[in-house]
Structures are given as structure tokens and as C-alpha cells.
Amino acid sequence: MLGTGARRGDHRGGGGRVDHVELDDGRTVVVKRDPSVRAEAAGLRWLRVEGGPAVPEVLAVDDEWLVSTEVPAGRPTWETAVEFGIRLGTLHAAGADAFGSPPPGGPAEAWIGGAGMRNEPRSSWPEWYAEQRILPYVRCAKGLDTGLFDQVCARLPELAGPAEPPARLHGDLWSGNVLWAPDNAWIIDPAAHGGHRETDLAMLALFGCPHLGAVLGAYDDTAPLADGWQERVPLHQLFPLLVHTVLFGGGYAAQATEAARRALAA
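Please read all numbers here as calculations on a predicted model, not as lab measurements. (Residues numbered from 1 in each chain as written. Predicted model: local features only at pLDDT ≥ 70, side-chain atom pairs only at ≥ 80, totals over all residues. Heavy atoms only, no water.)

**What to know about the overall build of the protein chain**
Phase 1 of the analysis: Each helix and strand in the protein chain was counted, giving nine helices and 11 strands.
Phase 2 of the analysis: At 18 Å, the protein chain has a C-alpha radius of gyration in line with the 18 Å of a compact globule built from 266 residues.
Phase 3 of the analysis: Principal-axis analysis of the C-alpha atoms gives the protein chain an extent of 60 × 40 × 35 Å.
Phase 4 of the analysis: Here the contacts in the protein chain between residues at least 6 apart in sequence split such that 65% fall between residues at least 24 apart.
Phase 5 of the analysis: Accessible surface, the protein chain: about 11,800 Å² in total, of which carbon and sulfur atoms supply 51%.
Phase 6 of the analysis: Of the charged side chains in the protein chain, 23 are positive and 34 negative, and the gap between their average positions amounts to 3 Å. (Helix = DSSP H or I, 4+ residues; strand = E, 2+ residues; numbered from the N terminus. Rg over C-alpha atoms; globule rule 2.2 N^0.38 Å. Contact = heavy atoms within 4.5 Å. Areas by Shrake-Rupley, 256 points an atom, 1.4 Å probe, with all protein chains shown as cover. Lys, Arg positive; Asp, Glu negative; His and termini not counted. Charge placed at Lys NZ, Arg CZ, Asp CG, Glu CD.)

**Looking at the pattern of salt bridges**
Two side chains carrying opposite charge are able to pair once their charged atoms lie near each other.
Phase 1 of the analysis: Going through the model one piece at a time under the given rule, you end up with 11 salt bridges.
Phase 2 of the analysis: Salt-bridge contacts for Glu64 lead to Arg33; the nearest nitrogen and oxygen are separated by 2.4 Å. Remark: Arg33 occurs in strand E3 (residues 28-33) and Glu64 occurs in the loop between strand E4 (58-61) and strand E5 (65-69); sequence separation between them is 31 residues.
Phase 3 of the analysis: Residue classification places Arg33 among the partly exposed residues on the basis of a relative accessible area of 40%.
Phase 4 of the analysis: The residue Glu83 makes a salt bridge to Arg87 at a minimum N-O spacing of 2.8 Å. Placement of both Glu83 and Arg87 in helix H2 (residues 78-93) is noted, with a separation of four residues, approximately one turn of the helix.
Phase 5 of the analysis: Overlapping salt bridges, with partners in common, bring together Glu120, Arg122, Glu127 and Glu131 in one network. (Salt bridge = Lys/Arg side-chain N within 4 Å of Asp/Glu carboxyl O. Buried < 20%, exposed > 50% of the residue type's maximum accessible area, 1.4 Å probe, protein only.)

**A closer look at the packing of H2 against helix H7 (residues 212-222)**
Phase 1 of the analysis: At a closest axis distance of 7 Å, the pairing of H2 and H7 adopts a crossing angle of 40°. Relative to H7, H2 is oriented oblique. By crossing handedness, the relation of H2 to H7 is classed as right-handed. Of the residues in H7, those in contact with Trp78, Ala81, Val82, Phe84, Gly85, Ile86, Leu88, Gly89 and His92 of H2 are Ala214, Val215, Ala218, Tyr219 and Thr222.
Phase 2 of the analysis: When grouped by side-chain class, the residues that make up the contact of H2 with H7 number 10 nonpolar, four polar and no charged. (Axes fitted to C-alpha atoms, helices over the stretch in contact; angles between N-to-C directions. Parallel < 35°, antiparallel > 145°, perpendicular 65-115°, else oblique. Left-handed = near helix turned anticlockwise from the far one by under 90°. Nonpolar A, V, L, I, M, F, W, Y, C, P; charged D, E, K, R; others polar.)

**Some thoughts on the nonpolar core**
Phase 1 of the analysis: Residues Phe84, Leu88 and Leu204 are the most contacted members of the largest nonpolar core, which totals 35 residues.
Phase 2 of the analysis: For this core, the secondary structure elements donating two or more residues are helix H1 (37-47), H2, strand E9 (178-180), strand E10 (185-187), helix H6 (197-206) and H7.
Phase 3 of the analysis: In terms of residues, this core owes the most to one element, H7, which gives six residues.
Phase 4 of the analysis: Ignoring any residue separated from it by four or fewer positions in sequence, one finds Phe84 in contact with Pro53, Leu173, Val178, Trp180, Ala185, Ile187, Leu204 and Val215.
Phase 5 of the analysis: Ranked by size, the runner-up nonpolar core spans 34 residues in total, among them Trp125, Trp128, Leu242 and Ala260. (Core = buried A, V, L, I, M, F, W, Y, C linked by side-chain atoms within 4.5 Å.)

**Some thoughts on the environment of Ala141**
Phase 1 of the analysis: The residue Ala141 is located in the loop between helix H3 (125-140) and helix H4 (146-154) in this model.
Phase 2 of the analysis: Overall, Ala141 belongs to the buried group, its relative accessible area being 14%.
Phase 3 of the analysis: Ignoring sequence-local partners within four residues, the contact set of Ala141 consists of Thr245 and Val246.

**Thoughts on the side chain of Thr199**
Phase 1 of the analysis: Note on placement: Thr199 falls in helix H6.
Phase 2 of the analysis: With near-sequence residues (within four places) excluded, Thr199 lies in contact with Trp125, Leu169 and His236.

**Some details on H2**
Phase 1 of the analysis: Taking 1.5 Å per residue as the helical rise, H2 with its 16 residues ought to reach 22 Å, and the 23 Å between its terminal C-alpha atoms agrees with that figure.
Phase 2 of the analysis: For H2, the set of buried residues is Thr80, Ala81, Val82, Phe84, Gly85, Leu88, Gly89, Leu91 and His92.
Phase 3 of the analysis: Where H2 is buried, its residues contact H1, strand E8 (167-169), E9, E10, H6 and H7.
Phase 4 of the analysis: Taken from the residues just after H2, Gly95 is the one with a positive phi, measuring 80°. (Expected span 1.5 Å × (residues − 1).)

Written out as C-alpha cells, the structure reads:
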């Protein structure tokens with residue numbers, strides 16, 4: 001795919017099979033094998049905007065394999081977290097054609113943790129979020145009070161807060177998809193689409209992003225959030241919690257239920 005041979009490889013795990021491979025020309029690249037790599041490649045290209053977070057470059061892709069540049073190893077600091085918040089605001093402001101619009105040239109499906117999702121454009125975020133994110137997973141999950149989630153969907157137009165234009169989202173921005181390099185933070189493994197910018201921020205909070213306060217403070221200073229955004233965090237965390245409920249069961253059903261109740265009470 002790259003016109004050069006490989007000297008050695010180092011399997012690091014991750015979604016699908018991920019290897020760090022040293023090439024004969026001296027470069028080290030990341031090689032990923034997964035059915036979703038074309039969607040991931042389109043997302044990575046779409047997220048590379050001027051002034052936005054650092055994103056690995058796609059070097060080659062086919063129906064099974066994705067080769068991208070390696071992210072330099074570092075550690076999270078307050079300074080890089082502030083910079084990340086600023087750059088994330090710039091990425092979101094780059095916008096999208098509609099809620100649910102996929103990256104240009106990419107398939108309509110997006111993937112999180114092996115779960116495929118539709119991305120069919122809509123003009124209304126509440127309509128799209130209910131139809132393509134919440135309800136499909138509520139129907140697949142076990143141990144949920146479906147009536148509770150029906151209430152959330154029915155009230156989404158009022159729960160969603162002030163209307164905003166579609167943002168350019170990473171779409172799966174949990175802490176494991178933020179890699180801290182010496183000078184900045186990189187984002188990897190996107191499920192990119194047009195969506196509500198509060199979704200990426202809520203995902204960062206769900207699984208413990210380092211220096212989260214610095215990230216959110218810098219973001220809000222750069223791209224001020226609408227009043228009440230903190231109270232809407234559970235609403236935006238509903239979808240990833242429902243995905244985890246379907247994939248892993250266990251306590252995620254209780255967490256999804258609690259998030260739905262908090263969203264209704266906000």
C-alpha cells in the first residue's frame with residue numbers, strides 16, 4: 001500500500017487489530033485492520049481543519065486496512081489541555097451540512113465499539129438524536145424501562161436547549177481517543193458526523209478526561225456554550241451509555257437509566 005517494506009511490528013491492541021509498524025524507510029506507522037476503516041479514514045480527513053486538534057494523517061486505506069501516521073508519545077498537562085479546548089472549539093465551528101451528515105466521501109454508517117449506526121442527515125438535532133441514536137439502542141438493550149426513554153425522546157425539543165447549527169464532531173470522544181503528545185493533544189478513532197457540539201464535551205466527561213476542567217474552560221472561553229449546558233450533559237451521555245448497555249450489559253443499563261432521569265429533571 002505504501003510502496004515500501006516493513007522491518008518489524010508491535011501489536012498494541014485497540015479497536016480491531018492495531019499494530020505499530022517500522023517501515024524500511026525509517027518511518028513508524030499505525031496499521032489498523034477493521035471493517036470500519038473506510039469510515040474512519042474519511043472521518044480523520046474531515047477532522048483535519050486549520051486550527052483544530054491534531055489528527056493523524058491517512059497514508060493508505062482499502063476495504064480492510066488503514067495506515068496512518070504515528071502519534072508522538074507524551075503526557076497530559078494543564079497547558080496542552082487548554083490548547084486542546086481551544087482547538088476543539090475551532091473544529092466544531094468548522095460545521096457540517098446537517099445533523100447526521102457523514103464525512104465527505106465516507107459511508108453513511110458510523111461505528112463505535114463495533115456497533116454500527118446510521119447517519120442520515122436531518123435538519124433538527126432532537127429529531128435525529130431520538131430517531132438514529134436513542135431509540136434504536138433502547139430497542140436492542142435489555143433491562144431498560146423503555147417508557148422512560150420514550151419520555152426523553154418526546155421532550156427532546158425542550159430538553160435540547162437553544163437551537164445550534166450542526167457542528168463537526170469527532171463522535172466518539174472518550175478519553176481513550178485523546179492521545180497526549182509532548183506539545184498538544186491528538187484525536188483518533190473518530191465516528192465523525194454532523195451533530196451537537198455538547199455531545200463531544202459530554203463524552204469527554206463520561207470516562208474521565210485528564211484536566212477536564214481546563215479543556216472545558218478553554219473551550220467555553222473560545223466558543224461560549226449556551227446557558228444550561230452542564231445540566232444537559234446527561235442527555236448527551238445517553239447514547240454512549242446505551243451503546244455500552246447493548247455491547248456489555250451489566251451496570252451500564254442502570255447508568256443509562258439514571259442519565260435519562262437526570263435529563264428529564266434538568
